[in-house]
Amino acid sequence: MKIILIVILSIALVGTWGYLLWNKNQLEQIQQTQQSQIAKVSDAKTEIQKNFDDALLRLDSLTMNNNKLLAQLTSANLEVTKKKAEIRSILNKKSAFSDESTKAKKLINDLNTKIVSLNNENEKLKQDLATTPASKTEINIKKFDIPYPKPSSFYQIPWNKFSQNIERNFITIDSVLSDALLKCGYLEKSYYYVAHGFALVTQLEQINEDGTSKQNPERWSTRLNNNLNDFRSYLKSLVHPPKGYFRVIVFLVTDVDLNAKNDVLDEKQAKDMVLGGNVALPASYRNLPFTNSHRITALIYEYKITQGIAPELVDNEPPGELHLEKAGIINALK
Amino acid sequence: MNTIEKYSAQRNLLIVWLLSSLFVLIIFMLMAWPRTTNATFSDTAQWLFNYLSPGLTLIIGAFVYSARTANIDKIKQIDKIYFRITLCFCVVYLTTIAICILLVPIILDGNTELIIYLKNWNVILSFLQTSVIALLGIFFTKEN
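Below: a short report on this structure.

Quick notes on the rules
- Residues numbered from 1 in each chain as written.
- Chains lettered and ligands numbered in written order.
- Predicted model: local features only at pLDDT ≥ 70, side-chain atom pairs only at ≥ 80, totals over all residues.
- Helix = DSSP H or I, 4+ residues; strand = E, 2+ residues; numbered from the N terminus.
- Contact = placed C-beta atoms within 7 Å.
- Buried ≥ 20, exposed ≤ 12 C-beta atoms within 10 Å, placed from the backbone.
- Nonpolar A, V, L, I, M, F, W, Y, C, P; charged D, E, K, R; others polar.
- Core = buried A, V, L, I, M, F, W, Y, C linked by C-beta atoms within 7 Å.
- Expected span 1.5 Å × (residues − 1).
- Arc of directions from axis to C-beta.
- Pairing = 2+ DSSP bridges.

### Topic: the overall build of chain B
Looking only at helices and strands, chain B has seven helices and two strands in total. For chain B, the sequential pattern of α-helices and β-strands runs β-α-α-α-β-α-α-α-α. Within chain B, counting contacts between residues at least 6 apart in sequence, those at least 24 apart form 90% of the total.

Listed below in structure tokens is the structure:
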């Protein structure tokens, strides 16, 4: 009886294991199918997002060109109005009609030439726009979302922190920022698109608690320094785990209203940001004007990492301005 | 055949388990307390208790039962080889848990959570735990 019971239990046990294995296999297959479906949907979403970003970028570029053309048109219109007024005044002067008529004729001719020239220019622009291939206007740059993920702190850099005799366009602003970053030891940076401007992202660096950068090579290492030199230091690190502070700075150059959302940019995303963007400012961006309404805002993402605990975003400690000062960027801008 | 009194063998095993578990528990608390948050500490502590409590309760339960029937159990003898194999496996198992905890400051980098690191040891510890529990089961039921 006992033997039969043991045999039955053994068969049941083996059967259970067999079922579990079969069931696990089935679940894995379902999971794989679902994952591939998710990946497909995600790819399609990314593609649509990219197309949307490209379209926004083209729209921005066209809007800026349009504004430029509008300014030209306004100035031409003013000139035409001025000439019209001049002609009218000549026509009104009856006494001096014969003397002034030659001048009036000349002005009318000028006016006609101007109108024809404007008309030609308009036609040419229309033709250019129609014949420009999509690839030429397409600017391949990823987007930095606004509202942006909640930063640790931020600082709007006042214009007086910059040298006052610089040209006000994107390439100059970029070179001033890039030179300042280079002076402070930031070798890698990355560019993203934001509406009416761009975002410059620095690489993830390790800093001290007060915001000063660590010395190389520890500064660019993503590992915490254990300092395990002897048994005593080992015992110390067993009870007091090593901690570290990491920072990414995002410079936003734009004239749009800036605000943060509640999403948190995790440390891995921040680390990957410098590898994800463009290595230089796209050529079509360089001559765009940095207008009076444009601002330069630095977003600071600071993470505290304790061995064994997931990285956490530090909240406004130290404040944004102090971060830029301690990093040496404020001084380097001058 | 070389034999040993079963009651004293059980007592020796109990002493090894109690002292080792106490040592492991102390270093685990010292190591895990600053490396966990309030939310993750219970998961981390549960990981340790999953590996210590089955063996410990089995040995304590069997020893309490033996203590109640001490006069009879003192007559019972067991082959020394069974005791030595069981003791050896228990020591290896408890040492592995201790090593896993003591390696944390050396191995763990800033990007891995403590519980993830500890779970990486699950395969080897589960295998050792199964072997130790099976050997303890044989040891407690076997007698000459």
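After that view, the rundown keeps rolling.
### A word on the overall build of chain A
Looking only at helices and strands, one finds eight helices and nine strands in chain A. The buried share among the 334 residues of chain A stands at 21%. Here the contacts in chain A between residues at least 6 apart in sequence split such that 77% fall between residues at least 24 apart.

### Some thoughts on the interface of chain B and chain A
At the junction of the two partners, chain B supplies 13 residues and chain A supplies 17 residues. Taken together, the elements giving at least two residues each to the side of chain B that touches chain A come down to α1 (6-32) and α5 (104-107) of chain B. Along the lines of polarity and charge, the residues of the side of chain B that touches chain A split into seven nonpolar, three polar and three charged.

### Notes on the nonpolar core
Within soluble globular proteins, side chains that are nonpolar generally end up buried alongside one another. Grouped together as the largest cluster of nonpolar side chains are 45 residues, with contacts concentrated most on Tyr192, Phe198, Ala199, Phe251 and Ala298 of chain A. The set of elements that each furnish at least two residues to this core consists of β2 (153-157), α4 (170-183), β3 (189-194), β4 (197-202), β6 (243-254), α6 (267-276), β8 (295-306) and α7 (320-327) of chain A. Contact partners of tyrosine 192 of chain A, with chain neighbours within four places excluded, come to Ile141, Lys142, Lys143, Phe144, Phe198, Ala199, Val201 and Gly277 of chain A. Of all hydrophobic cores here, the second largest spans 26 residues; its members include Phe28, Cys90, Cys100 and Leu118 of chain B.

### Description of α4 of chain A
Residue and element names in this part refer to chain A. The terminal C-alpha atoms of α4 lie 20 Å apart, and with 14 residues this matches the ideal 20 Å at 1.5 Å per residue to within 8%. Considered for burial, the residues of α4 that qualify are Ile173, Asp174, Leu177, Ala180 and Leu181. Viewed along the axis of α4, the buried residues span an arc of 130°, placing them on a single side of the element. Those residues of α4 that are exposed and angled more than 90 degrees off the buried face are Asp179 and Leu182. Where α4 is buried, its residues contact β3, β4, β6 and α8 (329-333).

### Describing the pairing of β6 of chain A
All names here are of chain A. Burial within β6 is extensive, with 10 of its 12 residues counted as buried. One ladder, built from four bridges, connects β4 with β6; its direction is antiparallel. Considered in β6, the bridge of phenylalanine 198 is made with valine 253. Summarising the sheet, strand β5 (residues 205-207) and β6 pair through three bridges and their orientation is antiparallel. Within β6, the position partnered with isoleucine 207 by the bridge is tyrosine 245. Two elements, β6 and β8, share 12 bridges in a ladder whose sense is antiparallel. Directly across from valine 250, in β8, lies its bridge partner leucine 299.

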